[in-house]
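Remarks on the overall topology
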Amino acid sequence: MLYRTAGQFKTSYEADHALFPVRQDAFLLGFVLVLAFVVFPLFASEFTFRALLIPVLIYSLAALGLNILTGYAGQLSLGTGAFMGVGAYACYKLVTIFPELNIALAILFSGFFSAAIGVVFGLPSLRIKGFYLAIATLAAQFFLVWLFQKWGWLYNYNASGAIQVPNIEMFGITVAGPLASAATQYYFVLCFVVLMTVFAINLTRGRIGRMWKAVRDMDIAAELVGINLMKAKLLAFFVSSYIVGVAGALFVFLWRGAAEANLFDIPLSFRVLFIAIIGGLGSILGNYLGAILIVALPVVIGAVPELFGMSISSATVEHLNVMIIGALIIAFLIVEPHGLARLWAVIREKLILWPFPH
Amino acid sequence: MNPRPDPAQLAAPDDGIAAGQVLLEVKNVSLAFGGVKAITDVSFDVVKGEIRAIIGPNGAGKTSMLNVINGFYTPQQGTIVFRGRQRRAMKPHEAVGQGIARTFQNVALFKGMSTLDNIMAGRSVMMKAGIGWQLLWHGRALAEEIAHRQTVEEIIDFLEIQHIRHTPVGKLPYGLQKRVELGRALAMEPSLLLLDEPMAGMNLEEKEDMSRFIIDVNQQRGTTIALIEHDMGVVMDLSDRVVVLDYGKKIADGTPDEVKNDQAVIDAYLGVPH
């Protein structure tokens, strides 16, 4: 009833190729965007911004990048964390070398650095697949983190070995650094995420997306319909690493404020991979659902004991967190191995028919 | 019910070869994998506009022959002349550009994609809009997408698979998957269509449907077809000429009637008394 599609006829291919062939989907997205752009900023506290909203957005973006590579083009990667690091360090260097450069541009440029590195480490994908490729990207992970530690030029030879985000203004408003307000940073990140998402949707539903999915599903047949495997795979590495790099730059500049090399180590890669898998490989929506689950749930769980007036030590909360999240991940993967996005698709199918059985 | 698409609209692209002229010539081709000789000194030709069957017992080298024709294998000896030009060593993805499309013995569709997307993927090479337009989903990219969608819909109408347009092909029954695969090959607008056992594993009704589509493709679009098939009834009815391979060697070549009565062919299929 809520999702009735009857009576929505399409009379042209343009209409059938629209982003939302079903009107209710467009309403739903509109609602979510109003929430994100208007409602949340009105009511959110500083803590909600920093612990919930901003990290969810940034992790979604990183998972989106990984999903293009793994979910769409079928190339498994374990180096996401390191590619985020490349984006972050590139942005840091750009900002220190060109202090006048607009921060938004600096972040967009820094994506190209990680894209280039991604393509280099994507070269093995031309010869190897699956687990073996995952090991090759793991090499990238270890090598790059080692480089972040050892190459002093990257962190301007400062004694701590960490990068510190200075106060950066854009159009007179401080957007990054210790003085920036959380709401400003939230809007900044939100705009980036929306922009990248639109681009990702457009890429994945057109010729390039079909090319990637063809490579993923049956590479021999893809070759025989005239798809150049080398170009398709390297393009996937490029686009994926670009988005991941931008996410990495946002991660440090708009959220953490400072970073050491080991921040980009393998736990970060796995975190992003979990988000992509739990959200649903080969889906755009899944990245957001996955990020909400993985990032927001611990915060919610941490807040529950207080709600009931119980005082549990923070260490216990931490342990509970790990246990509950772990159990949830296993449960989700058993109930719906194709991720939350598929779960939503099933619910949506049901809603189209509801309340009638047929 | 949609009207049948206008055949003139679906005509095979002009490849500079007049009907009745030789489109593909295979000359003295030999192919070996290490010590295993898959094909030995085979020559035959395919004339524009005909349906050419390649038959032979299991392991005769039929599929290897098809793989040689579409550039998957490079033969150690011999030459291939396609559309009047001698073939140099090439990558498989270049075959489409030359006008060769094929289907596979075991269906090789993109399982996670819908029927529509599978057939659209067949037109990847013809789509030229740059990544900039793709990012914006506007202007050239959108116009191109719509134009190709139109052509693909004609193929969907032609193959009578409108009802499964948006179904992921992994969920389709085998017979329909074969039909979608034919659709994907047709979307490439080939001047030579290679079909590797298009009827394998089908029941009688599905075979009859498929035969009808093959004949329609040949007659309405004028597409030249080379096919491998084990069902002799189908082969003899469909094809204009038949080449018979056995142990990688050509043992007969001619019209279905000639081949049927050839002693070497009868021996290959039925065996000889020792």
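Preceding block: the structure.
Residues numbered from 1 in each chain as written. Chains lettered and ligands numbered in written order. Predicted model: local features only at pLDDT ≥ 70, side-chain atom pairs only at ≥ 80, totals over all residues.

1. Things to note about the packing of helix α11 (residues 266-279) of chain A against helix α14 (residues 339-353) of chain A
Residues and elements named next belong to chain A. Look at α11 against α14: their axes get within 3 Å of each other, and the N-to-C directions meet at 20°. By the angle class used here, α11 and α14 are roughly parallel. Contact with α11, carried on its side by I277, I278 and G279, involves G339, L340 and A341 of α14 and no other residues of that element. (Axes fitted to C-alpha atoms, helices over the stretch in contact; angles between N-to-C directions. Helix = DSSP H or I, 4+ residues; strand = E, 2+ residues; numbered from the N terminus. Parallel < 35°, antiparallel > 145°, perpendicular 65-115°, else oblique. Contact = placed C-beta atoms within 7 Å.)

2. Overview of helix α8 (residues 207-217) of chain A
Burial analysis of α8 of chain A places 11 of its 11 residues in the buried class, which makes it a mostly covered element. Every buried residue of α8 of chain A is accounted for by R207, I208, G209, R210, M211, W212, K213, A214, V215, R216 and D217 of chain A. Buried positions along α8 of chain A lie against α3 (46-72), α7 (182-205), α9 (219-224) and α10 (229-256) of chain A together with α3 (115-121) and α4 (131-136) of chain B. (Buried ≥ 20, exposed ≤ 12 C-beta atoms within 10 Å, placed from the backbone.)

3. Focus: the environment of L268 of chain A
Secondary-structure assignment places L268 of chain A in helix α11. Residue classification places L268 of chain A among the buried residues on the basis of 22 C-beta atoms within 10 Å.

4. A few points about the pairing of strand β8 (residues 224-228) of chain B
Residues and elements named next belong to chain B. Most of β8 is tucked away: five of the five residues are buried. Residues T224, A226 and I228 line one face of β8 and the alternating positions I225 and L227 line the opposite face, and both faces are buried. Sheet analysis places strand β3 (residues 51-55) next to β8, joined by four bridges and oriented parallel. Its bridge partner being in β8, I54 is matched across the sheet by I228. In this structure, strand β7 (residues 192-196) lies alongside β8, joined through five bridges in parallel fashion. The residue bridging L195 from the neighbouring strand is L227, located in β8. Between β7 and its parallel partner β8, the chain crosses via helix α7 (residues 204-221), and the hand of that crossover is right-handed. (Pairing = 2+ DSSP bridges. Right-handed = clockwise from strand over helix to strand, strands pointing away.)

5. Quick look at the nonpolar core
Residues I58, L61, I243 and L250 of chain A are the most contacted members of the largest nonpolar core, which totals 174 residues. When residues of this core are assigned to their parent elements, the largest contribution, 18 residues, is made by α10 of chain A. The two domains that each donate at least three residues to this core are domain 1 (19-99 + 192-274) and domain 2 (108-189) of chain B. Beyond its immediate stretch of four places on either side in the chain, I58 of chain A contacts V189, A247, L250, F251 and W255 of chain A. (Core = buried A, V, L, I, M, F, W, Y, C linked by C-beta atoms within 7 Å. Domains from an automatic or database assignment.)

6. Side note on helix α6 (residues 130-150) of chain A
Residues and elements named next belong to chain A. For α6, spanning 21 residues, the distance from its first C-alpha to its last is 31 Å, which sits close to the expected 30 Å at 1.5 Å a residue. Turning to α6, its buried residues number three or more, namely L133, A136, T137, A140, Q141, L144, V145 and F148. On its buried side, α6 packs onto α4 (80-97), α5 (103-122) and α11. (Expected span 1.5 Å × (residues − 1).)

7. Details of the interface of chain A and chain B
In this complex, chain A contributes 24 residues to the contact, which on the side of chain B involves 33 residues. At the level of secondary structure, the elements contributing two or more residues to the side of chain A that touches chain B comprise α1 (13-16), α7, α8 and α9 of chain A. Tallying contributions element by element places α8 of chain A first for the side of chain A that touches chain B, with seven residues. For the side of chain A that touches chain B, a count of residues per class yields 12 nonpolar, six polar and six charged. (Nonpolar A, V, L, I, M, F, W, Y, C, P; charged D, E, K, R; others polar.)

8. Considerations on the environment of V244 of chain A
Note that V244 of chain A resides in helix α10. Ignoring any residue separated from it by four or fewer positions in sequence, one finds V244 of chain A in contact with A62, G65, L66, T80, F83, M84, G87 and S114 of chain A.

9. What about the environment of A108 of chain B?
Along the chain, the position of A108 of chain B falls in the loop between β6 (100-102) and α3. The spatial distance from the C-alpha of A108 of chain B to the C-alpha of K178 of chain B is 9.0 Å, given a sequence separation of 70 residues. Non-local contacts of A108 of chain B, meaning those with residues more than four positions away in its chain, are made with M218, I220 and A221 of chain A.

10. As for the sheet that holds β6 of chain B
Residues and elements named next belong to chain B. The strand order across the open sheet built from six strands is β6-β7-β8-β3-β9-β10, with neighbouring strands paired in mixed fashion. Sheet topology places β6 and β10 (249-254) at the edges, where each strand pairs with a single neighbour. The average angle at which neighbouring strand axes cross in this sheet is 20°, direction not considered. Here four bridges tie β3 to strand β9 (residues 241-246), and the two strands are oriented parallel to one another. Paired with I55 across the bridge in β9 is V244. The sheet strands contacting helix α1 (residues 62-69) are β3, β6, β7, β8 and β9, and the helix crosses β7 at an angle near 150°.

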